[in-house]
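Fold and contact review
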Amino acid sequence: MQHTGTTFAGNPELLVELRRQHKLPLRAQLEDGLREAARSGRLSGGARLPATRALAADLGVSRRLVVDAYAQLVAEGYLTARRGAGTYVSDAATAASAPAAAVESGALGVDFFPGFPDLASFPRREWLRAVRDTLATASAASLGYPDARGALELRCVLAEHLRRVRGVVADPQRIVVCSGTAQALVLLARALGQPHLAVEDPGLPPHRAILAAHGARLSALPVDAEGARVAELPRVAAQAGSLDGVLVTPAHQCPTGVALAPARRAALLEWAATGSGFVIEDDYDAEYRYDRAPLGALQGLAPDRIIYLGTVSKTLAPALRLGWLVLPPALVELVVEQRNLADHGAPTLEQLALARLMQSGAYDRHLRQARRRYRARRDALIDAVARYHPGARVTGIAAGLHAIVRLPHSFEVAALMRAAAARSVGVYPLALAYMRPEAHDDGLVLGYANLSESRIELGVRALAEALAELSDGVGANGGRRRRAPAPA
Ligand SMILES: Cc1ncc(COP(=O)(O)O)c(C=O)c1O
């Protein structure tokens, strides 16, 4: 069936849209469409795909293009090819995306969870190659107990990468590889011996919980439109007795999305230089920046006072559980000791595979593609909010993988989440990121990276319907509208 500029495959189970004028090549569009169909459950596990010749004819493209697209998705694990028997959707592809597949079944269909990159675009083929090459070449000695600092190969590659991309002063001897930022915080809380830390408020509740579970005492450092209110550190320290450090997200405050203002960066460096405490710089998603000049890591300006944390959870996938600390020399042995006491170190083969992926250029390539994709998704979110939520403001959009949507009215948090969930939409109130959640209720933290543009629109529209229901006071769960307090 041909439309002007758009082609649909006629098979009712296989709705793939190809746009001739689109900037993405047709093959990439076809691959995206098939991935999306498998992820969303429109194509169920075990479903047989049309023969390449039939699909090519249906779409008006060359058979070679379809053959190549199928081969790519077989390599990524979405499809399986049975010799002489055709190509099928793999069970793993649909099982992994159960939430997306369950719009109709009542589970979350459009989940704006802010913690994910686009999981479907994990570079499976490149990772597979890196793992295969690692296994083929790793020495027998490398299969013994690891160096608790991490594999030297990875630390060398990371040092070069962080210097080049983030301006980090990163000697491999200062790097400790860890199981994501989460474990970095565990190791720090233990190495610093029940430290008293200031943490951004709002911030990331699981990180506060991890620090507290490992003995840290926490005080709130307020955040405004210029990032953490660094000038309040002396007051926070005085109230706490003293501070051992402050945990910040300068490149992209989590969750408000603002960058720490230049004057505050300077003030924070000054605070650290006076020996008041360590700055813990969580650089979790600095790779994604859309309409603003690059901001180097603070660590490069005071490497002896700043503890730098990085992770692959936003660049590759949280499932890898790989991250790193770049430490002031005085802390290296203390942290390594804690890593030894915890589990002797990170799995070596994955570290070597990551080193290969980075060295081969595949990591940088993946990031370049991801940046383009996320920018388009961010724009789709902004457009959809403008269309379906007149009067709402979208902020924190210059970087990262999520945005803050401030609604023109505020809602009771639980009622809002229930109303959205009833329409199969997962939303995350900004209120929950505060240390005293009940005090704030006018914003939503919406992650867009793991949702296609069409699902973003679907979710934002469904959210508008849910809010309209709440506003009318006819929400099944009794939600009610209140006037919004003036946004901060
Ligand atoms: C502020 C912040 N830091 C770090 C991370 C990554 O944590 P991890 O490396 O433990 O997956 C996240 C993930 O959402 C985050 O929001």
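Going by the structure above, here's the rest.
Residues numbered from 1 in each chain as written. Predicted model: local features only at pLDDT ≥ 70, side-chain atom pairs only at ≥ 80, totals over all residues. Heavy atoms only, no water.

Details of the environment of G400
If you trace the backbone, G400 turns up in the loop between β14 (393-395) and β15 (402-406). Separated by 143 residues in the primary sequence, G400 and G257 place their C-alpha atoms 7.3 Å from one another. For G400, the residues in contact, after removing those within four places along its chain, are H252, D285, Y288, Y290 and Y448. (Helix = DSSP H or I, 4+ residues; strand = E, 2+ residues; numbered from the N terminus. Contact = heavy atoms within 4.5 Å.)

Thoughts on the sheet that holds strand β19 (residues 443-447)
Read across the open sheet, the four strands follow the order β14-β15-β19-β18; overall the sheet is antiparallel. Of all the strands in the sheet, the pair left with one neighbour each is β14 and β18 (428-429). (Pairing = 2+ DSSP bridges.)

Let's talk about the pairing of strand β13 (residues 323-326)
In β13, alternate side chains face the same way, and those of G323 and L325 on one face and W324 and V326 on the other are all buried. Bridge analysis of strand β6 (residues 175-178) against β13 gives four bridges, and the strand direction is antiparallel. Within β13, the residue paired with I175 across the bridge is V326. Two elements, strand β12 (residues 306-311) and β13, share four bridges in a ladder whose sense is antiparallel. Bridging from a neighbouring strand, L309 pairs with L325 of β13. (Buried < 20%, exposed > 50% of the residue type's maximum accessible area, 1.4 Å probe, protein only.)

A short note on the packing of aromatic side chains
Inspection of the entire model under this criterion finds four aromatic pairs. Each ring, one from F113 and one from Y428, has its centre 5.7 Å from the other, and the planes form 70°; the classification is edge-to-face. Note that F113 is positioned in the loop between β5 (110-111) and α6 (124-137) and Y428 in strand β18, a separation of 315 residues in sequence. Of the aromatic side chains, those joined through ring pairs into one cluster are F113, F116 and Y428. (Phe/Tyr/Trp six-rings, centres within 6.5 Å; stacked < 30°, edge-to-face > 60°.)

Some points on helix α15 (residues 413-422)
When we look at burial in α15, the residues that qualify are V413, A415, L416, A419 and A420. On an axial view of α15, the arc spanned by its buried residues comes to 165°, and they lie on one face. In this structure, the buried side of α15 is in contact with β16 (410-411), β17 (425-426), β18, β19 and α16 (453-471). Downstream of α15 by a residue or two, S424 has a phi angle that is positive, lying close to 70°. (Arc of directions from axis to C-beta.)

As for the site of the ligand
In the vicinity of the ligand there are 13 residues, among which T181, D282, T311, S313 and R321 approach most closely. Taking K314, its side chain carries an N or O atom lying 3.0 Å from an oxygen atom of the ligand. The side chain of R321 places a nitrogen or oxygen atom 2.9 Å from an oxygen atom of the ligand. Protein chains shield 89% of the accessible area of the ligand, which is 400 Å² for the free molecule. When atom positions are compared with the pocket grids, the ligand is found to occupy the second largest pocket. With three residues, helix α8 (residues 180-191) is the single largest residue contributor to the shell around the ligand. Each residue belonging to the shell around the ligand can be placed in one class, and the counts come to four nonpolar, six polar and three charged. (Near = heavy atom within 4 Å. Polar contact = N/O pair within 3.5 Å; in protein donor to acceptor, adjacent residues only side chain to side chain. Areas by Shrake-Rupley, 256 points an atom, 1.4 Å probe, with all protein chains shown as cover. 1 Å grid on protein atoms, 1.4 Å probe; cavity = no way out; pocket = protein on both sides within 12 Å on 5 of 7 lines; lining within 4 Å. Sits in = over half its atoms within 2 Å of the grid points. Nonpolar A, V, L, I, M, F, W, Y, C, P; charged D, E, K, R; others polar.)

Brief notes about the sheet that holds β12
Spatial strand order, β6-β13-β12-β11-β10-β7-β8-β9: eight strands in an open sheet with mixed pairing. The sheet is open, and its two edges are formed by β6 and β9 (227-228), each paired on a single side. The pairing of strand β7 (residues 196-201) with strand β10 (residues 245-248) spans three bridges and is parallel. Looking at β10, one finds that A198 is bridged to V246. Against the sheet, α8 contacts β6, β10, β11 (278-282), β12 and β13, and its axis sits at roughly 150° relative to β12. (Axes fitted to C-alpha atoms, helices over the stretch in contact; angles between N-to-C directions.)

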